[in-house]
Amino acid sequence: MRFKVAFATLSLSLVCMVCRVSFADSLTFTGLGGQSVDGVYVDPYIFTVTGPGGTSTLVDMSCLNFNRGVSVGQSWNVNPINVSTISSSATIDGEPGADILADAYLYNQYAAAIGNAQLTSDIQFAIWSIMDPSGVSGESGFDANAQALASVALSTTPTLPHSDFANDIAFIPSDSYPNGGEPQIFMTDPAPPALTPEPTSLILLGTGLLGMIAILSQRRVQSLSTTIYINRLQRR
């Protein structure tokens with residue numbers, strides 16, 4: 001009986017893991033969605049996200065690294081992570097969790113920059129400077145406005161609740177290119193449909209397993225009660 005209860009509990013735990021497991025797949029850099037500002041193309045970048053079932057979706061993303069590079073047409077495997085689950089003290093793909101959170105804060109400022117190419121550039125260079133300050137130090141795009149944005153992000157992020165990043169998804173590369181090198185980390189909001197698990201089936205399966213656990217536990221209690229009653233009769 002203990003084995004059956006433990007098995008049901010383990011099965012429920014596996015269901016809870018489905019959302020995370022179903023996220024691992026690939027990105028293909030499809031093209032540039034932004035425009036050239038301050039000598040470089042800035043947000044957004046367009047990707048084809050391929051989900052676990054082979055479904056593909058075009059998604060706009062922001063680039064977090066300046067010193068790494070990708071080319072149009074390249075593909076690589078990724079592990080999408082919800083930014084709200086990242087600890088500031090963690091290290092992910094060699095980058096401090098605090099830096100990813102700061103970049104997520106800046107990424108969420110893009111909504112205010114729609115139609116403003118210069119502000120978009122300032123936000124992009126501020127994002128790049130968080131992880132690769134030496135790379136952007138000599139770039140004209142890392143002007144006083146971009147520097148101020150980066151400073152605000154680093155000082156503000158530790159005071160914000162993680163729920164502020166609940167919809168931000170960071171795509172962490174899980175492998176290198178065949179010819180070496182490390183892909184950049186990219187971010188989007190919300191999770192692409194190709195990577196969204198079907199909630200209804202998961203809820204039904206989880207509810208069914210909870211019911212199994214309840215039934216097995218009830219039978220175990222009844223069995224123990226019967227044993228106690230028999231022992232009492234034998235003593236008489």
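Residues numbered from 1 in each chain as written. Predicted model: local features only at pLDDT ≥ 70, side-chain atom pairs only at ≥ 80, totals over all residues. Heavy atoms only, no water.

### A look at the pattern of salt bridges
Overall, the coordinates contain 3 salt bridges when judged by the stated rule. Residue Asp93 pairs with Arg68 through a salt bridge whose shortest N-O separation is 2.7 Å. One end of the pair, Asp93, is in the loop between strand S7 (91–92) and strand S8 (95–96); the other, Arg68, is in the loop between strand S5 (56–63) and strand S6 (75–82), with 25 residues separating them in the sequence. Classification of Arg68 by relative accessible area gives buried; the value is 18%. The closest approach of N and O atoms between Glu182 and Arg68, which form a salt bridge, is 3.9 Å. Taken together, the positions of Glu182 in the loop between strand S9 (169–173) and strand S10 (186–188) and Arg68 in the loop between S5 and S6 put the pair 114 residues apart, joining distant regions of the chain. (Salt bridge = Lys/Arg side-chain N within 4 Å of Asp/Glu carboxyl O. Helix = DSSP H or I, 4+ residues; strand = E, 2+ residues; numbered from the N terminus. Buried < 20%, exposed > 50% of the residue type's maximum accessible area, 1.4 Å probe, protein only.)

### Considerations on the pairing of strand S1 (residues 25–32)
The two faces of the sheet receive side chains in turn, since in a regular strand these alternate between them. Here S1 pairs with S6 via 4 bridges, running antiparallel. When the bridges of S6 are listed, Thr28 appears paired with Ser75. With 6 bridges joining them, S1 and strand S4 (residues 45–50) adopt antiparallel strand pairing. In the strand pairing of S4, Thr28 is matched with Thr48. (Pairing = 2+ DSSP bridges.)

### A closer look at the environment of Asp168
Locating Asp168 in the fold gives a position in the loop between helix H5 (144–156) and S9. Of the residues examined, Asp168 reaches a relative accessible area of 1% and is grouped as buried. On a C-alpha basis, the gap between Asp168 and Tyr105 in space is 9.4 Å, while along the polypeptide they are 63 residues apart. With residues near it in sequence (within four places) discarded, Asp168 still touches Ile81, Asn82, Val83, Ala104, Tyr107, Asn108, Met187, Thr188 and Asp189. A polar contact is formed between the side chain of Asp168 and the side chain of Asn108, at a distance of 2.9 Å. (Contact = heavy atoms within 4.5 Å. Polar contact = N/O pair within 3.5 Å; in protein donor to acceptor, adjacent residues only side chain to side chain.)

### Focus on the pairing of S6
Judged from the 5 bridges that link them, S6 and S9 form a sheet pairing that is antiparallel. Pairing of Ile81 across the sheet is with Ala170, part of S9.

### Quick look at the environment of Gln109
With respect to the helices and strands, Gln109 occurs in the loop between helix H2 (97–107) and helix H3 (117–131). Judged by relative accessible area, which is 29%, Gln109 ranks as partly exposed. A sequence separation of 11 residues divides Gln109 from Thr120, and the C-alpha atoms of the two residues are 9.0 Å apart.

### Re the packing of H2 against H3
It is the contact of H2 with H3, at a shortest axis distance of 9 Å, that shows an interaxial angle of 180°. On the basis of the axis angle, H2 is roughly antiparallel to H3. Listed contacts from H3 to Asp99, Ile100, Ala102, Asp103, Leu106 and Tyr107 of H2 are Ile123, Ala126, Ile127, Ile130 and Met131. Taken together, the residues of the contact of H2 with H3 break down into 9 nonpolar, no polar and 2 charged. (Axes fitted to C-alpha atoms, helices over the stretch in contact; angles between N-to-C directions. Parallel < 35°, antiparallel > 145°, perpendicular 65-115°, else oblique. Nonpolar A, V, L, I, M, F, W, Y, C, P; charged D, E, K, R; others polar.)

### Some words on the packing of aromatic side chains
Applying the stated criterion to the full structure yields 9 aromatic pairs. Judged by centre distance (6.4 Å) and plane angle (70°), the rings of Tyr45 and Phe186 are edge-to-face. With Tyr45 in strand S4 and Phe186 in strand S10, this residue pair connects regions lying 141 residues apart in the sequence. Both residues of the pair, Tyr45 and Phe186, count as buried. Of the aromatic side chains, those joined through ring pairs into one cluster are Phe29, Tyr45, Phe47, Trp76 and Phe186. (Phe/Tyr/Trp six-rings, centres within 6.5 Å; stacked < 30°, edge-to-face > 60°.)

### Observations concerning the side chain of Ser129
Within the secondary structure, Ser129 sits in helix H3. Apart from the residues within four sequence positions on either side, Ser129 is in contact with Val136, Phe142 and Ala150.

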